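# Chains, contacts and geometry: an overview
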Amino acid sequence: NLPEPVLEFDHVYAAYNGAIAALHGVSLTVRKGEITALLGANGAGKTTLLKAASNLLPAERGQITGGRIRYKGRDVTADTPHAHIRNGLVPVLEGRRCFKSLSIEENLTTGAIGRGLDRAQIAQVLEQVYDLFPKLKLRRNSLAGLTSGGEQQMAAIGRGLMARPEVFLLDEPSMGLAPLVVAEIFETLSRLNRETGLTILLAEQNSAIALKYAHHATVIENGRSVLNGPASDLAARADIRALYLGGT
Ligand code: ATP
């Protein structure tokens, strides 16, 4: 009785500069309403896979060189980044890169561009984001560049939420943040997933926290998916922890 697939990677290959292969045939099924974790070391190919799913590789002189990506049953491999967002497949890939000279609220509002929301809808989603991240509400008029790393990460996630995602693609939400802030962010993502059914595919090097919150996990190694299963199974296997997950 697994939930239905919403995002499917079918033997996806990708390369940079026409030569440097980064993905060697990754297959992965992301199911509706689940949190799926992409685990693996630095350089394994996690970011490349998320960029492939948003068609953002060409901007990095990269491309999908084989395989297919399907979203809600449709082949979206060649869809533009803008079309992906319009269809609810929303990436938050720049880590916590914000527009530093814009306020937090302006940063959030930019996330609604391209979704065709009217003013009232923007105000409504903004309130939802502030409800999830009360800290952002307190800092709504602060320049993003003057807020903490955690607040910037929350703003990046909030900006993604402004596009009203059905599937959220998150790259390393924990990067560079203190453990308490990481826990707060994962608690909020988990709450979003439980309360709204938001499907989340997230890349993480912090496998301990990712496995704690994910339903399903895949380990990527050298551009290949080498392990795949329920997060609780992966978390329970000491051999996996030692080999792939930093022994934590
Ligand atoms: P990280 O956690 O460091 O982001 P990752 O698992 O996300 O690691 P990728 O960033 O997807 O890994 O990198 C996969 C491979 O592709 C690596 O060998 C990397 O050097 C290479 N690569 C990534 N981006 C580029 C680029 N813009 N140009 C050339 N090679 C790249």
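Below: a short report on this structure. (Residues numbered from 1 in each chain as written. Predicted model: local features only at pLDDT ≥ 70, side-chain atom pairs only at ≥ 80, totals over all residues. Heavy atoms only, no water.)

### A few points about the packing of helix α6 (residues 149–161) against helix α7 (residues 179–196)
Packed helices, taken two at a time, are described by their axes: the angle between them and the distance between them. Relative orientation of the contacting elements α6 and α7 amounts to 15°, with a least axis distance of 10 Å. As judged from the angle between their axes, α6 and α7 are roughly parallel. In this structure, the crossing between α6 and α7 has a hand that is right-handed. Facing G150, Q153, M154, I157 and L161 of α6, the residues of α7 in contact are V181, E184, I185, L189 and L192. Across the contact of α6 with α7, the residue classes break down as seven nonpolar, two polar and one charged. (Axes fitted to C-alpha atoms, helices over the stretch in contact; angles between N-to-C directions. Helix = DSSP H or I, 4+ residues; strand = E, 2+ residues; numbered from the N terminus. Parallel < 35°, antiparallel > 145°, perpendicular 65-115°, else oblique. Left-handed = near helix turned anticlockwise from the far one by under 90°. Contact = heavy atoms within 4.5 Å. Nonpolar A, V, L, I, M, F, W, Y, C, P; charged D, E, K, R; others polar.)

### Brief notes about the nonpolar core
Residues L136, L161 and F168 are the most contacted members of the largest nonpolar core, which totals 47 residues. Per-element accounting of this core gives the leading share, six residues, to helix α4 (residues 119–132). When sequence neighbours within four positions are dropped, the list of residues in contact with F168 reads V90, V92, I157, G160, L161, L198, T199, I200 and L201. In terms of nonpolar packing, the next biggest core, distinct from the first, is built from 28 residues, F9, A44, I69 and L89 among them. (Core = buried A, V, L, I, M, F, W, Y, C linked by side-chain atoms within 4.5 Å. Buried < 20%, exposed > 50% of the residue type's maximum accessible area, 1.4 Å probe, protein only.)

### Side note on the side chain of E151
Among the structural elements, E151 can be located in helix α6. Residues in contact with E151, not counting those within four places in the same chain, are L136 and R139.

### Here we look at the sheet that holds strand β3 (residues 35–39)
Taken together, the six strands give an open sheet; going across it, the order is β6-β7-β8-β3-β9-β10, and neighbouring strands pair in mixed fashion. Both outer strands of the open sheet, β6 (89–92) and β10 (224–230), are each paired with one neighbouring strand and no more. Ignoring which end each strand starts from, the neighbouring axes of this sheet average 15° apart. In terms of strand pairing, β3 meets strand β9 (residues 216–221) through four bridges, oriented parallel. Its bridge partner being in β9, T36 is matched across the sheet by H216. Against the sheet, helix α1 (residues 46–54) engages β3, β6, β7 (167–171) and β8 (199–204), with an angle of about 145° to β7. (Pairing = 2+ DSSP bridges.)

### What to know about the pairing of β9
In the sheet, β9 pairs with β10 via six bridges, with the strands oriented antiparallel. Paired with A217 across the bridge in β10 is G229. Between β9 and β10, which follow one another and run antiparallel, lie two residues, and N222 among them has a positive phi close to 45°.

### A short note on the site of the ligand
Near the ligand there are 14 residues, and of these N42, G43, G45, T47 and T48 occur at the shortest range. Here an oxygen atom of the ligand sits 2.7 Å away from a polar atom, N or O, in the main chain of G43. A distance of 3.0 Å separates an oxygen atom of the ligand from a polar atom in the side chain of Q205. If you tally residues by element for the shell around the ligand, the top one is α1, at three residues. (Near = heavy atom within 4 Å. Polar contact = N/O pair within 3.5 Å; in protein donor to acceptor, adjacent residues only side chain to side chain.)

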